Amino acid sequence: MKKVSKKKTPYNTILLSKVIGLVLLTLFLFFIWDMSKPHLQATNGQAKNVASSDFRDTSISLKAKDQSTRTLDTHFKTNPNQQATNKTNKTVFLTFDDGPSATSNQLLNVLKAHHVKATFFMLGPQIQAHQSAVKRLYQEGHQLGLHGMTHDINLFYQNSESPANEMREAQRILASVTGVYSRLVRTPFGSVPNLTYHQKVRLNQNGFIYWDWTIDSLDWRYKNSQYVPEVLNQLQMFEKNKPWEPKVILMHDQPSTTNYLDSLIIQLKARGYTFAVINETMPPVQHE
Ligand SMILES: [Zn+2]
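Residue numbers run consecutively from 1 along every chain, following the written order of its sequence. Where totals are concerned, whole chains, interfaces and linings use all residues; where local detail is concerned, this predicted model gives features only for residues with pLDDT of at least 70, and gives and counts side-chain atom pairs only at 80 or more. Heavy atoms from the whole structure form the basis of all side-chain values; hydrogens and water molecules are not counted.

- Under an unreviewed UniProt entry, the chain has the name Peptidoglycan-N-acetylglucosamine deacetylase and belongs to Bacillus safensis.

Here you go:
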């Protein structure tokens, strides 16, 4: 008996361990299979219906799509410039063309008094003539933009190279005064109907981003206080018709505009508007 039992016990033990091993292996395989189930359930109905051979690719692409959406979300949440354009319709972008001028300092005084920043599209010869004003507006946090050299409709738009050439020259002059190579430009009299396709391409190839406007103060026509109610009226219409578009206001660095700028800013603030400068990361406003 002792002999038999001695032989029998090891045999049973081996059998038992084999059975346990098999059960554990089965459990392990079941566990692995089960692990993939929540992943399947996490995907949407479309993914459930596809053939299993297609599933891997679909799930990867869905995951990638999900991640890209999240990346975009994060981008919009963390990018202050996007916030300026997307978050609030109560942001206005004041832009001043044709400067700097002999009265730029008064204009800058008004902006400073109200803690308002603006964007300046400047002419090369004016930059050279009023260097201290350019340095000041740069130091005070305003945005530097270019407006070309001649401001002559026949010269500026004369051929496919002329707009880019004028902007490059103005860019060089601005850089010599401030050290900043601005890529933001506004073409004289606006891009429509003057700027041709090839001129746009050449501007683009030279790294320039051209900006038009969405609200024309008509200060160039009025030359008096009338541009203030004009802006306020256009803003009101704009709120109704195109509330999602950025409010880029065209104005000019000229005495009649500067004289009533204080009044405009006070009334804009009273209506709840805040002020921001345009920059290179924003999708530009371009007339079509
Ligand atoms: Zn101009």
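## Here we look at the overall build of the chain
- Here a helix means four or more residues in a row that DSSP labels H or I, a strand means two or more in a row labelled E, and each is numbered from the N terminus. What the chain contains, in helices and strands, is 14 helices and eight strands.
- By definition in these notes, contact holds between two residues if any of their heavy atoms fall within 4.5 Å. Here the analysis covers contacts within the chain between residues at least 6 apart in sequence; of these, 74% occur between residues at least 24 apart.
- Throughout, the Shrake-Rupley method with a 1.4 Å probe supplies accessible areas, and for residues the shown protein chains are the sole cover considered. A total accessible area of about 16600 Å² is found for the chain, and carbon and sulfur atoms account for 57% of it.

## Looking at the pattern of salt bridges
- Any Lys or Arg side-chain nitrogen located within 4 Å of an Asp or Glu carboxyl oxygen qualifies as a salt bridge. Evaluated as defined, the whole model comprises eight salt bridges.
- The salt bridge involving arginine 183 is made with glutamate 280; its shortest N-O contact spans 3.2 Å. In this pair, arginine 183 is assigned in the loop between helix H9 (162–178) and strand S4 (184–185) and glutamate 280 in the segment after strand S8 (274–275), connecting sequence segments 97 residues apart.
- Using a 1.4 Å probe on the protein chains alone, a residue whose accessible area is under 20% of its type maximum counts as buried, one over 50% counts as exposed, and one in between counts as partly exposed. With a relative accessible area of 36%, glutamate 280 lands in the partly exposed category.

## Some words on the nonpolar core
- Counting residues in hydrophobic clusters, the biggest one holds 44 residues, and the most contacted among them are Leu94, Phe96, Leu111, Phe120, Leu261, Leu264 and Leu268.
- Ignoring any residue separated from it by four or fewer positions in sequence, one finds leucine 94 in contact with Leu111, Val116, Ala118, Thr119, Ile249, Met251, Ile265, Leu268, Phe275 and Ala276.
- For this analysis, a nonpolar core means a set of buried residues of the types Ala, Val, Leu, Ile, Met, Phe, Trp, Tyr and Cys, connected via side-chain atoms within 4.5 Å. Counting twelve residues, the second-largest nonpolar core is a separate cluster that includes Val248, Leu250, Ala276 and Met282.

## Let's talk about the confidence of the model for the chain
- Confidence of the predictor at the level of single residues is given by pLDDT, which spans 0 to 100. Averaged over the chain, the pLDDT score is 81; the fraction of residues at 70 or greater is 69%.
- Confidence drops under pLDDT 50 across residues 1–8; counting only partners more than four residues distant or on other chains, this segment forms one contact.
- Between residues 32–87, whose pLDDT stays under 50, and residues either more than four places distant or in other chains, the model counts 31 contacts.

## Description of the coordination of the zinc ion
- In this listing, donors mean N, O and S atoms no farther than 2.8 Å from the metal, or 3.2 Å for Na, K and Ca; water is missing from the atoms, so a site can look incomplete. Every protein donor of the zinc ion is accounted for by Asp98 (OD), His147 (NE2) and His151 (NE2), and the metal-donor separations fall at 2.1 Å.
- Sequence positions of the donors to the zinc ion reduce to the motif D-x48-H-x3-H. You can see aspartate 98 sitting in the loop between strand S1 (91–97) and helix H5 (104–113) and its partner histidine 147 sitting in the loop between strand S3 (143–146) and helix H8 (153–156), a full 49 residues away along the chain.
- Judged by relative accessible area, aspartate 98 falls into the partly exposed class, the value being 25%.
- Residue classification places histidine 147 among the buried residues on the basis of a relative accessible area of 1%.

## Considerations on the packing of H5 against helix H14 (residues 261–270)
- Every axis in this analysis is a line fitted to C-alpha atoms, fitted for helices over the stretch in contact. Angles between the N-to-C directions lie between 0 and 180 degrees. Where H5 meets H14, the axes come as close as 10 Å, and the angle between the chain directions of the two elements is 25 degrees. Put simply, H5 runs roughly parallel to H14. The hand of the H5/H14 crossing is right-handed. Within the contact between the two elements, H5 uses Leu107, Val110 and Leu111 and H14 uses Leu261, Asp262 and Ile265.
- Polar here means any residue outside two lists: the nonpolar Ala, Val, Leu, Ile, Met, Phe, Trp, Tyr, Cys and Pro, and the charged Asp, Glu, Lys and Arg; Gly therefore counts as polar. When the residues that make up the contact of H5 with H14 are grouped by side-chain class, the tally is five nonpolar, no polar and one charged. Oblique is the label for every angle not falling under 35 degrees (roughly parallel), over 145 degrees (roughly antiparallel), or within 65 to 115 degrees (roughly perpendicular). Handedness of a helix crossing follows the sense of rotation of the near helix relative to the far helix, less than a right angle counterclockwise being left-handed and clockwise being right-handed.

## A word on unusual backbone geometry
- Between glycine 99 and the following residue, proline 100, the backbone shows a cis peptide bond with an omega angle of -5 degrees.
- Mapped onto the elements of the fold, proline 100 is located in the loop between S1 and H5.
- Residue proline 193 follows valine 192 across a cis peptide bond; omega there is 5 degrees.
- Residue position: proline 193 is located in the loop between S4 and helix H10 (197–205).
- Within the chain, aspartate 98 stands out as a residue other than glycine whose phi angle is a positive 75 degrees.
- The phi dihedral of leucine 218 is positive, around 60 degrees, even though this residue is not glycine.
- Inspection of the secondary structure puts leucine 218 in the loop between strand S6 (215–216) and helix H11 (219–222).

## Comments concerning the side chain of asparagine 279
- One can find asparagine 279 in the segment after S8.
- What makes asparagine 279 buried here is its relative accessible area of 12%.
- Here a polar contact means two N or O atoms within 3.5 Å. Within protein one must be a hydrogen donor candidate and the other an acceptor candidate, and residues neighboring in sequence count only if both atoms are side-chain atoms. In this structure the side chain of asparagine 279 is engaged in a polar contact, spanning 2.7 Å, whose partner is the side chain of threonine 281.

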